[in-house]
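# Per-entry structural report
What follows is each chain in one-letter form.
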Amino acid sequence: MKITKICCIGAGYVGGPTMAVIAQKCPHIQVTVVDLNEQRIKDWNDPNTDNIPIYEPGLSEIVAEARDRNLFFSTEVEKAIDEAQVIFISVNTPTKTYGKGKGMAADLKYIELCARQIAKVAKQNKIVVEKSTLPVRTAEAIKSILDNTGNGVQFQILSNPEFLAEGTAVTDLLNPDRILIGGDTTPEGQNAINALVDVYANWVEKDKILTTNVWSSELSKLTANAFLAQRISSINAMSELCEKTGADVTEVARAIGMDSRIGSKFLKASVGFGGSCFQKDILNLVYIAKSYGLNEVADYWEQVIIMNDHQKRRFSNKIVQTLYNTVADKKITFLGWAFKKDTNDTRESAAIYVADDLINEQAKISVYDPKVSRNKMLSDLDYLQTRSNEENSNSLAIFDNAYEACKGSHAIAVLTEWDEFTTYDWKKIYDSMHKPAFLFDGRNILNAKEVEAIGFIYKGIGS
Ligand code: NAD
Ligand code: UGA
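Heads up: these notes are all about the structure in this document. (Residues numbered from 1 in each chain as written. Chains lettered and ligands numbered in written order. Predicted model: local features only at pLDDT ≥ 70, side-chain atom pairs only at ≥ 80, totals over all residues. Heavy atoms only, no water.)

It is worth spelling out the overall build of the protein at this point. When you go through the protein residue by residue, the secondary structure sums to 18 helices and 14 strands. Against the compact-globule benchmark of 23 Å for 463 residues, the protein has a radius of gyration of 24 Å, which places it among compact chains. Across the protein, the fraction of contacts at a sequence separation of at least 24, relative to all contacts at a separation of at least 6, is 75%. On the protein, roughly 20900 Å² of surface is accessible, and the fraction owed to carbon and sulfur atoms is 50%. Seen as two clouds, the 52 positive and the 60 negative side-chain charges of the protein have centres 1 Å apart. (Helix = DSSP H or I, 4+ residues; strand = E, 2+ residues; numbered from the N terminus. Rg over C-alpha atoms; globule rule 2.2 N^0.38 Å. Contact = heavy atoms within 4.5 Å. Areas by Shrake-Rupley, 256 points an atom, 1.4 Å probe, with all protein chains shown as cover. Lys, Arg positive; Asp, Glu negative; His and termini not counted. Charge placed at Lys NZ, Arg CZ, Asp CG, Glu CD.)

This is the structure in C-alpha coordinates:
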(Lines give C-alpha, C1' and ligand atoms only; values in the text may rest on other atoms or scores of the structure.)
(Ligands and ions follow the chains in the order given, each with its own letter.)
Protein backbone atom coordinates (compact mmCIF):
# COMPACT_ATOMS: atom_id res chain seq x y z
CA MET A 1 0.00 0.00 0.00
CA LYS A 2 1.32 3.49 -0.84
CA ILE A 3 0.58 6.03 1.86
CA THR A 4 -0.69 9.41 0.66
CA LYS A 5 -2.85 10.56 3.59
CA ILE A 6 -1.88 10.57 7.24
CA CYS A 7 -3.82 11.83 10.22
CA CYS A 8 -2.31 12.38 13.66
CA ILE A 9 -4.53 12.69 16.74
CA GLY A 10 -2.83 14.97 19.28
CA ALA A 11 -1.02 18.20 18.35
CA GLY A 12 1.33 18.21 21.34
CA TYR A 13 5.09 18.02 21.87
CA VAL A 14 5.22 14.76 19.91
CA GLY A 15 2.41 15.03 17.36
CA GLY A 16 3.31 18.58 16.22
CA PRO A 17 7.06 18.21 15.56
CA THR A 18 6.84 14.59 14.34
CA MET A 19 4.19 15.34 11.75
CA ALA A 20 5.89 18.59 10.68
CA VAL A 21 9.03 16.59 9.84
CA ILE A 22 7.09 13.82 8.04
CA ALA A 23 5.32 16.51 5.99
CA GLN A 24 8.57 18.29 5.20
CA LYS A 25 10.32 15.10 4.11
CA CYS A 26 7.34 13.59 2.26
CA PRO A 27 5.72 16.34 0.17
CA HIS A 28 3.65 13.67 -1.59
CA ILE A 29 1.86 12.79 1.68
CA GLN A 30 -0.94 14.94 3.06
CA VAL A 31 -0.51 15.17 6.84
CA THR A 32 -3.34 16.47 9.03
CA VAL A 33 -2.77 16.97 12.76
CA VAL A 34 -5.96 17.18 14.80
CA ASP A 35 -6.63 18.07 18.41
CA LEU A 36 -9.65 18.73 20.63
CA ASN A 37 -7.89 21.77 22.07
CA GLU A 38 -9.07 24.63 19.84
CA GLN A 39 -6.59 27.15 21.17
CA ARG A 40 -3.68 24.79 20.48
CA ILE A 41 -4.79 24.32 16.86
CA LYS A 42 -5.31 28.07 16.48
CA ASP A 43 -1.74 28.60 17.71
CA TRP A 44 -0.34 26.01 15.28
CA ASN A 45 -2.12 27.95 12.52
CA ASP A 46 -0.80 31.35 13.66
CA PRO A 47 0.31 33.20 10.50
CA ASN A 48 3.59 34.04 12.29
CA THR A 49 5.21 30.63 12.83
CA ASP A 50 7.30 32.06 15.69
CA ASN A 51 4.05 31.91 17.69
CA ILE A 52 3.40 28.17 17.31
CA PRO A 53 2.61 26.65 20.73
CA ILE A 54 5.80 24.61 21.08
CA TYR A 55 9.24 26.09 21.16
CA GLU A 56 11.83 23.83 19.55
CA PRO A 57 14.92 25.07 17.72
CA GLY A 58 14.29 24.79 13.95
CA LEU A 59 10.61 23.87 14.23
CA SER A 60 9.00 27.15 13.18
CA GLU A 61 11.01 27.10 9.90
CA ILE A 62 9.77 23.59 9.06
CA VAL A 63 6.18 24.51 9.85
CA ALA A 64 6.54 27.63 7.69
CA GLU A 65 7.73 25.47 4.77
CA ALA A 66 5.14 22.67 4.96
CA ARG A 67 2.03 24.25 6.48
CA ASP A 68 -0.86 24.65 4.05
CA ARG A 69 1.23 22.78 1.42
CA ASN A 70 0.83 19.25 2.79
CA LEU A 71 0.73 19.93 6.55
CA PHE A 72 -2.57 20.96 8.12
CA PHE A 73 -3.69 21.58 11.70
CA SER A 74 -7.38 21.15 12.39
CA THR A 75 -10.03 20.46 15.02
CA GLU A 76 -12.05 18.36 12.56
CA VAL A 77 -11.04 15.05 14.09
CA GLU A 78 -13.66 12.86 12.40
CA LYS A 79 -13.05 14.22 8.91
CA ALA A 80 -9.30 13.67 9.23
CA ILE A 81 -9.79 10.10 10.52
CA ASP A 82 -12.19 9.32 7.69
CA GLU A 83 -9.82 10.54 4.98
CA ALA A 84 -6.57 9.01 6.27
CA GLN A 85 -5.04 5.63 5.45
CA VAL A 86 -2.78 5.83 8.49
CA ILE A 87 -3.79 7.29 11.85
CA PHE A 88 -1.12 8.10 14.42
CA ILE A 89 -2.31 8.31 18.03
CA SER A 90 -0.11 10.90 19.80
CA VAL A 91 -2.31 11.85 22.71
CA ASN A 92 -1.11 12.22 26.28
CA THR A 93 -0.83 9.19 28.56
CA PRO A 94 -0.32 10.75 32.01
CA THR A 95 -0.05 8.93 35.32
CA LYS A 96 -3.50 8.01 36.67
CA THR A 97 -4.71 10.35 39.40
CA TYR A 98 -7.67 8.21 40.46
CA GLY A 99 -8.89 4.66 40.97
CA LYS A 100 -6.90 1.46 40.51
CA GLY A 101 -3.23 2.17 39.80
CA LYS A 102 -3.57 5.79 41.02
CA GLY A 103 -0.16 7.50 41.06
CA MET A 104 1.52 4.73 39.04
CA ALA A 105 -0.35 3.30 36.04
CA ALA A 106 -0.70 5.19 32.77
CA ASP A 107 -4.13 6.74 32.27
CA LEU A 108 -5.33 5.33 28.98
CA LYS A 109 -8.65 7.17 28.81
CA TYR A 110 -7.49 9.46 25.98
CA ILE A 111 -6.16 6.45 24.05
CA GLU A 112 -9.43 4.59 24.44
CA LEU A 113 -11.38 7.66 23.32
CA CYS A 114 -9.28 7.82 20.17
CA ALA A 115 -9.84 4.11 19.47
CA ARG A 116 -13.58 4.51 19.91
CA GLN A 117 -13.66 7.55 17.66
CA ILE A 118 -11.67 5.75 14.95
CA ALA A 119 -14.00 2.74 15.27
CA LYS A 120 -17.02 5.00 14.89
CA VAL A 121 -15.80 6.97 11.89
CA ALA A 122 -13.76 4.52 9.80
CA LYS A 123 -15.45 3.20 6.66
CA GLN A 124 -12.31 1.81 4.99
CA ASN A 125 -9.41 -0.34 6.19
CA LYS A 126 -6.85 1.63 8.20
CA ILE A 127 -3.47 1.35 9.85
CA VAL A 128 -3.56 2.67 13.41
CA VAL A 129 -0.16 3.63 14.82
CA GLU A 130 0.59 3.91 18.52
CA LYS A 131 2.92 6.91 18.71
CA SER A 132 2.13 7.69 22.34
CA THR A 133 4.15 5.79 24.97
CA LEU A 134 1.97 2.94 26.17
CA PRO A 135 2.06 0.02 28.58
CA VAL A 136 3.09 -3.23 26.96
CA ARG A 137 0.04 -5.03 25.47
CA THR A 138 -2.05 -1.86 24.98
CA ALA A 139 -2.38 -2.74 21.29
CA GLU A 140 -4.51 -5.68 22.40
CA ALA A 141 -7.08 -3.35 23.99
CA ILE A 142 -7.06 -1.00 21.00
CA LYS A 143 -7.55 -3.94 18.66
CA SER A 144 -10.43 -5.27 20.70
CA ILE A 145 -12.24 -1.90 20.53
CA LEU A 146 -11.57 -1.52 16.80
CA ASP A 147 -12.49 -5.09 15.87
CA ASN A 148 -15.86 -4.95 17.58
CA THR A 149 -17.43 -2.23 15.50
CA GLY A 150 -19.35 -4.73 13.37
CA ASN A 151 -18.86 -2.71 10.16
CA GLY A 152 -16.30 -5.08 8.60
CA VAL A 153 -13.47 -2.55 8.46
CA GLN A 154 -10.03 -4.17 8.94
CA PHE A 155 -7.51 -2.47 11.18
CA GLN A 156 -3.80 -3.12 11.54
CA ILE A 157 -2.22 -1.82 14.72
CA LEU A 158 1.42 -0.82 14.73
CA SER A 159 3.58 0.38 17.59
CA ASN A 160 5.95 3.16 16.53
CA PRO A 161 7.20 4.82 19.71
CA GLU A 162 8.87 8.21 19.57
CA PHE A 163 12.37 8.70 20.99
CA LEU A 164 12.81 12.45 20.44
CA ALA A 165 13.97 14.56 23.36
CA GLU A 166 12.57 18.04 23.86
CA GLY A 167 14.91 20.88 22.99
CA THR A 168 16.47 18.74 20.25
CA ALA A 169 13.24 17.40 18.73
CA VAL A 170 13.93 18.57 15.19
CA THR A 171 17.47 17.19 14.95
CA ASP A 172 16.36 13.98 16.66
CA LEU A 173 13.56 13.57 14.11
CA LEU A 174 15.75 14.41 11.13
CA ASN A 175 18.59 12.12 12.27
CA PRO A 176 17.10 9.46 14.53
CA ASP A 177 19.34 6.80 16.09
CA ARG A 178 16.64 4.36 15.01
CA ILE A 179 13.00 4.11 14.04
CA LEU A 180 11.16 1.27 15.75
CA ILE A 181 8.06 -0.29 14.20
CA GLY A 182 6.26 -3.21 15.80
CA GLY A 183 3.46 -5.10 14.09
CA ASP A 184 1.68 -8.40 13.75
CA THR A 185 3.56 -11.32 12.25
CA THR A 186 0.64 -12.04 9.88
CA PRO A 187 1.00 -11.09 6.16
CA GLU A 188 -1.42 -8.16 6.75
CA GLY A 189 0.67 -7.04 9.72
CA GLN A 190 3.86 -7.22 7.66
CA ASN A 191 2.24 -5.22 4.83
CA ALA A 192 1.28 -2.51 7.31
CA ILE A 193 4.83 -2.46 8.71
CA ASN A 194 6.24 -2.14 5.20
CA ALA A 195 3.90 0.74 4.37
CA LEU A 196 5.15 2.69 7.41
CA VAL A 197 8.79 1.75 6.74
CA ASP A 198 8.37 3.31 3.27
CA VAL A 199 7.24 6.60 4.84
CA TYR A 200 10.32 6.86 7.08
CA ALA A 201 12.62 5.61 4.31
CA ASN A 202 12.07 8.97 2.60
CA TRP A 203 14.79 10.35 4.89
CA VAL A 204 16.01 7.61 7.26
CA GLU A 205 18.49 4.95 6.12
CA LYS A 206 16.84 1.54 5.90
CA ASP A 207 19.30 -0.11 8.31
CA LYS A 208 18.17 2.31 11.02
CA ILE A 209 14.55 1.19 10.69
CA LEU A 210 13.99 -1.71 13.06
CA THR A 211 10.94 -3.92 12.88
CA THR A 212 9.77 -6.15 15.74
CA ASN A 213 6.63 -7.68 17.14
CA VAL A 214 4.17 -5.25 18.76
CA TRP A 215 4.96 -6.16 22.36
CA SER A 216 8.73 -5.77 21.96
CA SER A 217 8.20 -2.35 20.44
CA GLU A 218 5.85 -1.18 23.20
CA LEU A 219 8.17 -2.45 25.93
CA SER A 220 11.33 -1.09 24.28
CA LYS A 221 10.05 2.46 24.68
CA LEU A 222 9.49 2.11 28.44
CA THR A 223 12.83 0.31 28.72
CA ALA A 224 14.72 3.06 26.87
CA ASN A 225 13.34 5.75 29.16
CA ALA A 226 14.00 3.65 32.27
CA PHE A 227 17.64 3.08 31.24
CA LEU A 228 18.19 6.78 30.47
CA ALA A 229 16.66 7.94 33.75
CA GLN A 230 18.58 5.26 35.64
CA ARG A 231 21.87 6.76 34.45
CA ILE A 232 20.86 10.16 35.83
CA SER A 233 19.80 8.73 39.19
CA SER A 234 23.03 6.71 39.30
CA ILE A 235 25.25 9.75 38.76
CA ASN A 236 23.08 11.83 41.12
CA ALA A 237 23.54 9.17 43.81
CA MET A 238 27.28 9.48 43.29
CA SER A 239 27.02 13.29 43.49
CA GLU A 240 25.94 13.04 47.12
CA LEU A 241 28.84 10.75 47.92
CA CYS A 242 31.20 13.12 46.11
CA GLU A 243 30.06 16.00 48.30
CA LYS A 244 30.96 13.99 51.41
CA THR A 245 34.31 12.72 50.19
CA GLY A 246 35.96 15.54 48.25
CA ALA A 247 35.56 13.74 44.92
CA ASP A 248 34.16 15.83 42.06
CA VAL A 249 31.23 14.29 40.22
CA THR A 250 32.12 15.95 36.90
CA GLU A 251 35.57 14.38 37.08
CA VAL A 252 34.08 11.01 38.05
CA ALA A 253 31.59 11.21 35.15
CA ARG A 254 34.39 12.00 32.70
CA ALA A 255 36.50 9.15 34.04
CA ILE A 256 33.77 6.53 33.78
CA GLY A 257 32.31 7.91 30.54
CA MET A 258 35.57 7.24 28.69
CA ASP A 259 34.99 3.54 29.21
CA SER A 260 33.38 2.70 25.88
CA ARG A 261 31.17 0.14 27.61
CA ILE A 262 29.66 2.91 29.76
CA GLY A 263 29.74 5.86 27.33
CA SER A 264 29.77 9.57 28.10
CA LYS A 265 26.15 10.61 27.50
CA PHE A 266 23.51 11.10 30.19
CA LEU A 267 26.01 11.36 33.02
CA LYS A 268 25.38 14.97 34.00
CA ALA A 269 24.62 15.26 37.68
CA SER A 270 21.75 17.67 38.23
CA VAL A 271 19.06 18.90 40.58
CA GLY A 272 17.05 15.92 39.30
CA PHE A 273 15.47 14.93 36.03
CA GLY A 274 12.15 16.44 35.02
CA GLY A 275 10.00 16.27 31.92
CA SER A 276 6.68 14.69 31.20
CA CYS A 277 7.91 11.17 30.60
CA PHE A 278 10.75 9.72 32.69
CA GLN A 279 8.81 9.63 35.96
CA LYS A 280 5.49 8.65 34.37
CA ASP A 281 7.04 5.88 32.29
CA ILE A 282 9.07 4.38 35.13
CA LEU A 283 6.07 4.46 37.46
CA ASN A 284 4.15 2.69 34.73
CA LEU A 285 6.92 0.10 34.37
CA VAL A 286 6.87 -0.46 38.13
CA TYR A 287 3.10 -0.89 38.01
CA ILE A 288 3.29 -3.37 35.14
CA ALA A 289 6.00 -5.41 36.91
CA LYS A 290 3.93 -5.46 40.12
CA SER A 291 0.83 -6.51 38.22
CA TYR A 292 2.74 -9.60 37.03
CA GLY A 293 3.91 -10.25 40.63
CA LEU A 294 7.51 -9.27 39.79
CA ASN A 295 8.17 -7.39 43.00
CA GLU A 296 11.98 -7.36 42.80
CA VAL A 297 11.83 -5.97 39.26
CA ALA A 298 9.36 -3.31 40.42
CA ASP A 299 11.49 -2.32 43.45
CA TYR A 300 14.62 -2.12 41.32
CA TRP A 301 13.14 0.46 38.96
CA GLU A 302 11.23 2.36 41.63
CA GLN A 303 14.56 3.24 43.23
CA VAL A 304 15.32 5.45 40.19
CA ILE A 305 12.34 7.64 41.15
CA ILE A 306 13.10 7.55 44.87
CA MET A 307 16.64 8.79 44.14
CA ASN A 308 15.32 11.55 41.87
CA ASP A 309 12.88 12.82 44.51
CA HIS A 310 15.69 12.73 47.05
CA GLN A 311 17.96 14.78 44.76
CA LYS A 312 15.37 17.56 44.37
CA ARG A 313 14.73 17.70 48.12
CA ARG A 314 18.44 17.56 48.87
CA PHE A 315 18.96 20.65 46.69
CA SER A 316 16.35 22.74 48.52
CA ASN A 317 17.59 21.49 51.91
CA LYS A 318 21.09 22.52 50.98
CA ILE A 319 19.94 26.05 50.15
CA VAL A 320 18.18 26.35 53.51
CA GLN A 321 21.10 24.90 55.51
CA THR A 322 23.68 27.04 53.74
CA LEU A 323 21.66 30.21 54.32
CA TYR A 324 22.10 29.71 58.09
CA ASN A 325 19.07 27.42 58.40
CA THR A 326 16.55 30.10 57.57
CA VAL A 327 15.30 31.51 54.30
CA ALA A 328 12.23 33.21 55.71
CA ASP A 329 11.69 36.50 53.86
CA LYS A 330 14.96 36.05 51.99
CA LYS A 331 14.91 36.65 48.26
CA ILE A 332 16.13 33.65 46.30
CA THR A 333 16.41 33.96 42.54
CA PHE A 334 15.85 31.03 40.21
CA LEU A 335 17.56 31.13 36.86
CA GLY A 336 15.46 28.80 34.74
CA TRP A 337 12.12 27.12 35.25
CA ALA A 338 11.90 24.79 32.20
CA PHE A 339 12.83 21.15 32.85
CA LYS A 340 15.80 21.50 30.47
CA LYS A 341 17.21 24.10 28.11
CA ASP A 342 15.77 24.96 24.69
CA THR A 343 12.19 24.09 25.57
CA ASN A 344 9.25 26.00 27.04
CA ASP A 345 8.00 22.79 28.65
CA THR A 346 7.92 22.77 32.45
CA ARG A 347 6.20 19.45 33.16
CA GLU A 348 7.72 17.83 36.27
CA SER A 349 10.52 20.40 36.25
CA ALA A 350 12.69 20.20 39.37
CA ALA A 351 12.26 23.98 39.71
CA ILE A 352 8.61 23.53 40.70
CA TYR A 353 9.45 21.24 43.62
CA VAL A 354 12.43 23.27 44.80
CA ALA A 355 10.28 26.43 44.73
CA ASP A 356 7.54 24.68 46.66
CA ASP A 357 9.97 23.55 49.39
CA LEU A 358 11.49 27.02 49.71
CA ILE A 359 8.11 28.76 49.81
CA ASN A 360 7.18 26.38 52.64
CA GLU A 361 10.18 27.89 54.42
CA GLN A 362 8.69 31.34 53.66
CA ALA A 363 11.32 32.35 51.13
CA LYS A 364 10.45 34.88 48.42
CA ILE A 365 11.25 33.42 45.03
CA SER A 366 12.14 35.47 41.96
CA VAL A 367 12.34 33.71 38.62
CA TYR A 368 13.73 34.41 35.21
CA ASP A 369 13.35 31.92 32.37
CA PRO A 370 13.86 32.95 28.74
CA LYS A 371 10.94 30.89 27.39
CA VAL A 372 8.44 30.11 30.15
CA SER A 373 5.46 32.41 30.68
CA ARG A 374 4.40 33.83 34.04
CA ASN A 375 1.06 32.05 33.92
CA LYS A 376 2.72 28.72 33.30
CA MET A 377 4.98 29.10 36.35
CA LEU A 378 2.11 30.04 38.60
CA SER A 379 -0.13 27.27 37.34
CA ASP A 380 2.71 24.76 37.89
CA LEU A 381 2.84 25.77 41.56
CA ASP A 382 -0.94 25.93 41.94
CA TYR A 383 -1.17 22.40 40.54
CA LEU A 384 0.66 21.05 43.60
CA GLN A 385 -2.14 22.44 45.81
CA THR A 386 0.27 23.07 48.68
CA ARG A 387 -1.23 26.50 49.38
CA SER A 388 -3.73 28.93 47.90
CA ASN A 389 -3.18 30.42 44.45
CA GLU A 390 -3.03 33.85 46.06
CA GLU A 391 -0.23 32.77 48.42
CA ASN A 392 1.68 31.33 45.46
CA SER A 393 1.36 34.50 43.50
CA ASN A 394 2.57 36.53 46.52
CA SER A 395 5.61 34.26 46.91
CA LEU A 396 6.72 34.15 43.27
CA ALA A 397 7.97 37.25 41.47
CA ILE A 398 8.55 36.70 37.76
CA PHE A 399 10.98 38.82 35.73
CA ASP A 400 11.75 39.07 32.05
CA ASN A 401 15.34 40.06 32.74
CA ALA A 402 17.87 38.03 34.75
CA TYR A 403 19.77 41.04 36.10
CA GLU A 404 16.57 42.54 37.54
CA ALA A 405 15.56 39.15 38.96
CA CYS A 406 18.90 38.82 40.80
CA LYS A 407 18.98 42.36 42.24
CA GLY A 408 18.84 42.38 46.04
CA SER A 409 18.71 38.59 46.35
CA HIS A 410 20.50 36.53 49.00
CA ALA A 411 21.08 33.57 46.74
CA ILE A 412 20.77 32.47 43.14
CA ALA A 413 19.83 28.92 42.16
CA VAL A 414 20.44 27.72 38.61
CA LEU A 415 17.62 25.30 37.80
CA THR A 416 17.89 25.04 34.00
CA GLU A 417 21.05 24.87 31.93
CA TRP A 418 20.15 27.67 29.47
CA ASP A 419 23.31 28.65 27.52
CA GLU A 420 22.74 32.36 28.09
CA PHE A 421 23.39 31.97 31.84
CA THR A 422 27.05 31.23 31.13
CA THR A 423 27.42 34.51 29.21
CA TYR A 424 26.23 36.84 31.99
CA ASP A 425 28.27 39.57 33.65
CA TRP A 426 28.47 37.75 36.99
CA LYS A 427 30.41 40.57 38.64
CA LYS A 428 27.54 42.95 37.93
CA ILE A 429 25.08 40.42 39.36
CA TYR A 430 27.25 39.88 42.44
CA ASP A 431 27.46 43.62 43.10
CA SER A 432 23.66 43.90 43.06
CA MET A 433 23.11 41.17 45.70
CA HIS A 434 23.04 40.89 49.50
CA LYS A 435 26.34 39.71 50.97
CA PRO A 436 27.44 37.05 51.45
CA ALA A 437 26.11 36.16 47.99
CA PHE A 438 25.40 32.48 47.36
CA LEU A 439 25.25 30.70 44.03
CA PHE A 440 23.69 27.20 43.93
CA ASP A 441 24.40 25.69 40.55
CA GLY A 442 21.89 22.89 40.09
CA ARG A 443 23.29 22.17 36.63
CA ASN A 444 27.05 22.61 37.13
CA ILE A 445 27.19 25.02 34.20
CA LEU A 446 29.18 27.84 35.77
CA ASN A 447 32.93 27.97 36.31
CA ALA A 448 33.33 27.57 40.08
CA LYS A 449 36.77 29.19 40.23
CA GLU A 450 35.68 32.23 38.23
CA VAL A 451 32.58 32.99 40.27
CA GLU A 452 34.38 32.32 43.55
CA ALA A 453 37.06 34.81 42.47
CA ILE A 454 34.28 37.42 42.12
CA GLY A 455 33.19 36.74 45.71
CA PHE A 456 30.29 34.27 45.39
CA ILE A 457 29.98 31.35 47.76
CA TYR A 458 29.50 28.68 45.09
CA LYS A 459 27.80 25.32 45.61
CA GLY A 460 27.60 22.99 42.61
CA ILE A 461 26.09 19.52 42.56
CA GLY A 462 28.53 16.82 43.61
CA SER A 463 31.62 18.81 44.48
P1 NAD B 1 0.87 16.67 24.96
O2 NAD B 1 0.06 16.75 26.18
O3 NAD B 1 1.83 17.76 24.60
O4 NAD B 1 -0.11 16.50 23.69
C5 NAD B 1 -1.17 15.62 23.64
C6 NAD B 1 -2.32 16.30 22.88
O7 NAD B 1 -3.35 15.33 22.65
C8 NAD B 1 -2.98 17.45 23.62
O9 NAD B 1 -2.89 18.63 22.84
C10 NAD B 1 -4.44 16.99 23.83
O11 NAD B 1 -5.38 18.06 23.70
C12 NAD B 1 -4.60 16.02 22.68
N13 NAD B 1 -5.69 15.05 22.87
C14 NAD B 1 -5.94 14.26 23.95
N15 NAD B 1 -7.01 13.46 23.71
C16 NAD B 1 -7.45 13.74 22.47
C17 NAD B 1 -8.50 13.24 21.65
N18 NAD B 1 -9.30 12.26 22.08
N19 NAD B 1 -8.67 13.76 20.42
C20 NAD B 1 -7.85 14.74 19.97
N21 NAD B 1 -6.82 15.26 20.69
C22 NAD B 1 -6.62 14.75 21.92
O23 NAD B 1 1.64 15.27 25.03
P24 NAD B 1 3.05 14.89 24.37
O25 NAD B 1 4.17 15.41 25.19
O26 NAD B 1 2.98 15.21 22.91
O27 NAD B 1 3.05 13.30 24.58
C28 NAD B 1 2.18 12.47 23.85
C29 NAD B 1 2.64 11.04 24.02
O30 NAD B 1 3.96 10.88 23.47
C31 NAD B 1 2.73 10.56 25.46
O32 NAD B 1 2.37 9.22 25.52
C33 NAD B 1 4.21 10.69 25.78
O34 NAD B 1 4.62 9.77 26.77
C35 NAD B 1 4.86 10.36 24.46
N36 NAD B 1 6.18 10.95 24.24
C37 NAD B 1 6.43 12.25 24.58
C38 NAD B 1 7.67 12.82 24.31
C39 NAD B 1 7.99 14.25 24.68
O40 NAD B 1 9.12 14.64 24.53
N41 NAD B 1 7.03 15.04 25.14
C42 NAD B 1 8.65 12.07 23.65
C43 NAD B 1 8.35 10.75 23.30
C44 NAD B 1 7.11 10.21 23.60
C1 UGA C 1 13.42 11.88 27.24
C2 UGA C 1 14.27 10.91 26.39
O3 UGA C 1 15.61 11.43 26.30
C4 UGA C 1 13.70 10.77 24.99
O5 UGA C 1 14.45 9.80 24.25
C6 UGA C 1 12.23 10.31 25.10
O7 UGA C 1 11.65 10.22 23.82
C8 UGA C 1 11.45 11.30 25.95
O9 UGA C 1 12.08 11.40 27.26
C10 UGA C 1 10.04 10.89 26.19
O11 UGA C 1 9.70 9.73 26.11
O12 UGA C 1 9.31 11.82 26.50
P13 UGA C 1 13.16 14.51 27.43
O14 UGA C 1 12.50 14.18 28.71
O15 UGA C 1 12.48 15.40 26.48
O16 UGA C 1 13.48 13.16 26.61
O17 UGA C 1 14.59 15.15 27.71
P18 UGA C 1 15.99 14.54 28.25
O19 UGA C 1 17.08 15.15 27.48
O20 UGA C 1 15.97 13.07 28.31
O21 UGA C 1 16.05 15.13 29.72
C22 UGA C 1 15.19 14.68 30.75
C23 UGA C 1 15.62 15.27 32.06
O24 UGA C 1 16.86 14.69 32.50
C25 UGA C 1 15.86 16.77 32.02
O26 UGA C 1 15.39 17.37 33.20
C27 UGA C 1 17.37 16.88 31.93
O28 UGA C 1 17.87 18.08 32.41
C29 UGA C 1 17.78 15.71 32.81
N30 UGA C 1 19.14 15.21 32.53
C31 UGA C 1 19.45 14.72 31.30
C32 UGA C 1 20.10 15.21 33.55
O33 UGA C 1 19.82 15.64 34.67
N34 UGA C 1 21.35 14.72 33.28
C35 UGA C 1 21.70 14.23 32.06
O36 UGA C 1 22.86 13.79 31.89
C37 UGA C 1 20.72 14.22 31.04
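The environment of ligand 1 is made up of 25 residues, and the closest members are Asp35, Arg40, Thr93, Glu166 and Lys280. Interatomic distance of 2.8 Å between a backbone N/O atom of Val14 and an oxygen atom of ligand 1. Arg347 places a polar side-chain atom, nitrogen or oxygen, 2.9 Å from an oxygen atom of ligand 1. Surface burial for ligand 1 is 92%, taken as the share of its 840 Å² of free accessible area covered by protein chains. The residue makeup of the shell around ligand 1, split by class, is nine nonpolar, nine polar and seven charged. (Near = heavy atom within 4 Å. Polar contact = N/O pair within 3.5 Å; in protein donor to acceptor, adjacent residues only side chain to side chain. Nonpolar A, V, L, I, M, F, W, Y, C, P; charged D, E, K, R; others polar.)

A separate point is helix 5 (residues 109-121). If you check helix 5, its first and last C-alpha atoms are 18 Å apart, about what 13 residues at 1.5 Å a residue would give, namely 18 Å. Every buried residue of helix 5 is accounted for by Ile111, Cys114, Ala115, Ile118, Ala119 and Val121. Of the surrounding secondary structure, the elements contacted by the buried residues of helix 5 are strand 1 (5-9), helix 4 (77-83), strand 4 (86-89), strand 5 (126-130), helix 6 (138-147) and strand 6 (155-159). (Expected span 1.5 Å × (residues − 1). Buried < 20%, exposed > 50% of the residue type's maximum accessible area, 1.4 Å probe, protein only.)

Attention now goes to the sheet that holds strand 12 (residues 411-414). The six strands lie next to each other as 11-10-9-12-13-14, forming an open sheet whose pairing is parallel. The open sheet has two free edges, formed respectively by strand 11 (396-399) and strand 14 (457-460), since each of these has just one partner strand. Strand-to-strand twist across the sheet, computed as the mean angle between neighbouring axes with direction ignored, equals 20°. Pairing of strand 12 with strand 13 (residues 438-441) involves four bridges; the strand directions are parallel. Bridge pairing in strand 13 places Ala411 opposite Phe438. Against the sheet, helix 13 (residues 350-360) touches strand 9 (331-335) and strand 10 (364-368), its axis set at about 180° to strand 9. (Pairing = 2+ DSSP bridges. Axes fitted to C-alpha atoms, helices over the stretch in contact; angles between N-to-C directions.)

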